[in-house]
Amino acid sequence: MTTQQIQPKRGIVKQILSGDSVIIRGPTGAPPPEKQINFSGIIAPKLARRAGDQSEPTKDEAWAWEAREFLRKKLIGEEVFFTSEKPPNTNREYGTVYLGKDFNTAENITESLVTEGLVTVRREGVRQTPEGTRLAELEDAAKAAGKGKWGSSPSSEHVRDIKWSVENMRSFVDKLGYKPVKAIIEHVRDGSTVRAFLLPDFYHITLMISGIRCPGFKLDANGKPDMSIKVPYAEEARYFVEIRLLQREVDIVLESVNNNNFVGTIIHPKGNIAEALLKEGFAHCVDWSIAFMKSGVEGLRAAEKKAKGARLRIWKDWQSNAPQVTGKEKDFTATVAEVINGDALSVKLNNGQSKKIFLSSIRPPKEPGRVADEDGKTAPRPKGFRPLYDIPWMFEAREYLRKKLIGKKVHVVIDYIQEARDGYPEKVCATVSIGGKNVAEALVSKGLASVVKYRPDDDQRSSRYDELLTAESKAIKSQVGIHNKKEVPAHRVTEIDAARAKLELSSFQRAQKIDAVVEFVASGTRLRLFIPKSNSLCTFLLGGINCPRASRQATNALAAVEGEPFGDEALQFTKERCLQREVSIQVDTHDKAGNFIGWLWVDNVNLSVALVKEGFASVHRTGEKSQYATFLKEAEDSAKQQRLRMWENYEEEKEEQQPEEEKTTVERKVSYEEVVVTEVTPEGSFFVQTIAEGPKAEALNAKLRQEFQANPPLPGAYTPKRGDVCAAKYTVDDEWYRVKVEKVQGGKATVHYFDYGNRETLPTTRLATLPAAYVGEKPYATEYVLPYVSLPKDDEFSAMAIKYLREDTAVSKLLLNVEYRVQGTPPAASLHVDSTSEGDIVMNLITEGLLLVENRKERRQNKLLASYREAQEVAKRNHSNMWEYGDITEDDAKEFGLGK
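Since this is a predicted model, take the numbers as computed values, not measurements.

Evaluated as defined, the whole model comprises 47 salt bridges. Residue Glu-504 pairs with Arg-500 through a salt bridge whose shortest N-O separation is 2.9 Å. Within this pair, Glu-504 and its partner Arg-500 are both found in helix 13 (residues 498-510), separated by 4 residues, close to a single helical turn. A salt bridge links Glu-693 to Lys-778, with the nearest nitrogen and oxygen atoms 4.0 Å apart. Here Lys-778 lies in the loop between helix 20 (772-775) and strand 41 (782-784) and Glu-693 lies in the loop between strand 35 (686-690) and helix 19 (694-710), a separation of 85 residues in the sequence. The network of salt bridges with common partners includes Arg-68, Glu-69, Arg-72, Glu-186 and Glu-249.

Following this line, the structure appears as structure tokens:
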């Protein structure tokens, strides 16, 4: 044969089927076309086959594996030349493969096999050709040299002992102990499932790649892949793995077992195949198997996140459901004030505010046997049921967190915010760490919480989710906590009522000091205690002092009670020092209701003395006769001397002796209300929502949107009229809000968003009839004007005043005080960042020369107006803004805030 006359084809060797047959794929396409080529003129020993549905397993013929390996090591993944033809009466193609860059000098693989003594040349019943003669000569030389199968070594040494199945797969995994095992990938079932031989013992295994799942092929009635049903990206994912791993040497780390499959990680010198699949959008992370991995989890999550962000392949329609939380709101340090059940904390921020956070991606211990009925409703709990004590492991979970966290600084990272639904409020979920240790992970590892399972496309999960899964896997294996079904704790907690108090009093008095845990603080001197020694609950009143009553919110059974001055502050003082802390008590007596009265120490500090010392309480006559009378007297004298809190007007009696005529100053009534400014108008008036009412407005609007989502209004079906109360779709966020129509002209309407104060002109097609249930609700925004001031006459300075007023009020909370009311206009109110004079926003704008103080004549001296005039004089002296060129005061300055 003259090789120059042959027109060879080119391709890439995908797979070696045996010592005399290969599969060659095209150089382009994903996946590309492929064909099987059987080598002409030779016969290779047959490889072993595993049992089929109707066939028994077979063994290797001698030297079959060596012939296959010779080709695998030489050809897999290489670009080759090949010639082929299909003889009559057969479906097979026979030909020759050549390895090299130049066909004229390329290595003839058939000749190489014969030379190595790995195959037999066909001599009988074939037509004599120059190629056949050449192969016969090479075989004779190989026989003479004793090469390969023509050597003297016994045939039995060249037959593999294949283990087609593994008995006790779990112990096999444990025996290997996460050590890498050499392997060859024999088959790629789908992008995340392969078959491989473990070397050197030839265990044949099916391996699911840990941590990921690719789209798989649908199975037919016989359990075989049905290639006629196209699953998006299934073929592409398999091809992606085939060109990188098929018949390559790898290391496999077996990590677990799932049904009859092993679960593990494939280690290849060129990279992690799981990570590569995720990065290209061919796979998603699987939580149940990712928990078995000891390393590389961060890389998998990062690769999946990158593919999601790029909307690659399986993520092309993905939309993130995780809210964007950034900056100080996402990552901060706080002090733990309270542990709520076994999965939530109340923390105190550096600015003094409290925030309730839930530990991300975990659930506290469940109440056994309480399941929902057909309507989704759960049966009512028995009377007197206490979840903390009556749900197994709940108390242990709470106690673990309490002992570890109460009063300690923790690092908080907000992971996600779970929206309000099904009557439950919004939940801020976070990863909380102390000393670098994840609190939720520690809780799960002790079997005191379970991990929430998510859908693959759900991003609302802990930033340390994989660590939680690993911890849960270990806890289940160790059978600790909720995973221990044999040893379930039971807490029989008794309530000390009036009858029980009489029985317990003498023993409590004899005990002198009793250890307890503060479960609840009702007021500055009223606490709820759990006494571990007797496994009982009691109400405890601090003796020897009088403390102001704290306010109380209305309940179904009781009306709201207004608190006395400093009552709420005293409650907060006691709460911060005692709640969920371990304390010691000394019982003196009890009242008619069975509440114990006595003394309480926290961190060796007598709480009664501490309250008196801080001016929150005065000494009661019983305290004057007690053994702690000296300490109480010293504390009260110190508070009086410093004019602390309830003693701030201690010498007020002397001032009352002054003649009434000397009192020319009218005392300003100060009653601050916490608000948020929702709108500042161009005329300078402003709208506010109270902090208490703001969430109600959001809830109402959320409910309205849900209703419109369920029953979308038909655009243009509603014809608005001036004065109508209806719904409008705000152009900024495309959400529905309540509005009042102020003007309709030329297919457009000017509306007032009365729950927020802003106005907008928009097409009437963006308006709809407001459901009757929402019409009667009062507006949640109230309009005010600033007191005693007006805008500058100059347009430039007027615009500056509005600009800075908007900036100064764009904070999460302000204090508002109504200064006066004028009939027919909004009330005049001052705004404050805090309760100090420096926090007065109006005064600061006056000082900057951006507001003009009215020229009012008051019968009595007004302190606030006087302070504003002093601020204006400072602005004049400094020539600030409108005072740049001197005094521009005009007698006819219009009253500020009465914009039309």
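The next subject is unusual backbone geometry. Note: most residues except glycine have negative phi, and most peptide bonds are trans. Cis geometry is found at the peptide bond from Leu-199 to Pro-200, where omega equals 5°. With respect to the helices, strands and loops of the structure, Pro-200 is situated in the loop between strand 10 (193-198) and strand 11 (203-209). The residue Ser-361 is not glycine, and still its phi comes out positive at about 65°. Overall, the relative accessible area of 1% leaves Ser-361 in the buried class.

With that settled, the discussion passes to the nonpolar core. Among soluble globular proteins, nonpolar side chains are generally buried collectively. The biggest cluster of nonpolar side chains holds 81 residues, and the ones touching the most others in it are Ile-252 and Ile-266. Excluding residues that lie within four positions of it along the chain, Ile-252 makes contacts with Lys-179, Pro-180, Val-181, Ala-183, Ile-185, Ala-196, Leu-198, Leu-207, Thr-265 and Ile-266.

So, about the sheet that holds strand 13 (residues 249-258). The mixed closed barrel is built from 5 strands, whose spatial order is 9-10-11-14-13. For this sheet, the mean angle separating the axes of adjacent strands, direction not counted, is 50°. Across 7 bridges, strand 13 lies against strand 14 (residues 261-267) in antiparallel orientation. Bridged to Leu-254 within strand 14 is Gly-264. Sheet strands touched by helix 1 (residues 64-75): strand 9 (181-190), strand 10 and strand 13. Its angle to strand 9, the strand with the most contacts, is close to 80°. Where helix 4 (residues 169-176) meets the sheet, its contacts fall on strand 9, strand 10, strand 11, strand 13 and strand 14, and the angle it forms with strand 13 comes to roughly 130°.

This next bit is on the UniProt feature "domain: TNase-like" (unreviewed entry) in the protein chain. According to UniProt, the feature "domain: TNase-like" (unreviewed entry) maps to residues 7-152, 179-317, 330-485 and 512-649 in the numbering used here. Secondary structure content for residues 7-152 is 24% helix and 27% strand, and the end C-alpha separation is 41 Å. The span residues 179-317 is 27% helix and 32% strand, and its two end C-alpha atoms sit 39 Å from each other.

So, on to the sheet that holds strand 34 (residues 673-680). Read from one edge of the open sheet, 5 strands run 41-35-34-43-44, paired in antiparallel fashion. A single partner strand is all that each edge strand has here, and the edge strands are strand 41 and strand 44 (828-832). Between one strand axis and the next, the sheet turns through 50° on average, direction left out of account.

The subject of this paragraph is the UniProt feature "domain: Tudor" (unreviewed entry) in the protein chain. UniProt marks residues 719-777 with the feature "domain: Tudor" (unreviewed entry), using the numbering shown here. Here residues 719-777 is 7% helix and 46% strand, with 22 Å between the C-alpha atoms at its ends.

It is worth spelling out helix 23 (residues 863-877) at this point. Side chains of residues three or four places apart in an α-helix project in the same direction, reflecting 3.6 residues per turn. Helix length check: helix 23 (15 residues) gives 21 Å between terminal C-alpha atoms against 21 Å at 1.5 Å per residue, within 8%. Of the residues trailing helix 23, His-879 is marked for its positive phi of about 55°.

According to the stated counting rule, one finds 26 aromatic pairs in the structure shown. Considering the side-chain rings of Tyr-389 and Phe-395, the 5.6 Å spacing of their centres and the 35° angle between planes classify their relative orientation as tilted. Exposure remark for Tyr-389: the relative accessible area of 6% places this residue in the buried category. The class for Phe-395 is buried, based on a relative accessible area of 10%. Arranged with centres 5.1 Å apart and planes meeting at 40°, the rings of Phe-508 and Phe-596 form a pair that is tilted. Separated by 88 residues along the polypeptide, Phe-508 in helix 13 and Phe-596 in strand 30 (residues 596-602) bring together distant segments of the chain. An identical accessibility class is assigned to Phe-508 and Phe-596; each is buried. Among the aromatic residues, those joined into a ring-pair cluster are Trp-65, Trp-164, Phe-197 and Phe-202. Looking at Lys-163, its charged tip hangs above the ring of Tyr-203, at a distance of 5.4 Å from the centre.

Conventions we followed
- Residues numbered from 1 in each chain as written.
- Predicted model: local features only at pLDDT ≥ 70, side-chain atom pairs only at ≥ 80, totals over all residues.
- Heavy atoms only, no water.
- Salt bridge = Lys/Arg side-chain N within 4 Å of Asp/Glu carboxyl O.
- Helix = DSSP H or I, 4+ residues; strand = E, 2+ residues; numbered from the N terminus.
- Buried < 20%, exposed > 50% of the residue type's maximum accessible area, 1.4 Å probe, protein only.
- Core = buried A, V, L, I, M, F, W, Y, C linked by side-chain atoms within 4.5 Å.
- Contact = heavy atoms within 4.5 Å.
- Pairing = 2+ DSSP bridges.
- Axes fitted to C-alpha atoms, helices over the stretch in contact; angles between N-to-C directions.
- UniProt positions renumbered as here; feature names shortened; annotations may be inferred.
- Expected span 1.5 Å × (residues − 1).
- Phe/Tyr/Trp six-rings, centres within 6.5 Å; stacked < 30°, edge-to-face > 60°.
- Lys NZ or Arg CZ within 6 Å of the ring centre and 35° of its normal.

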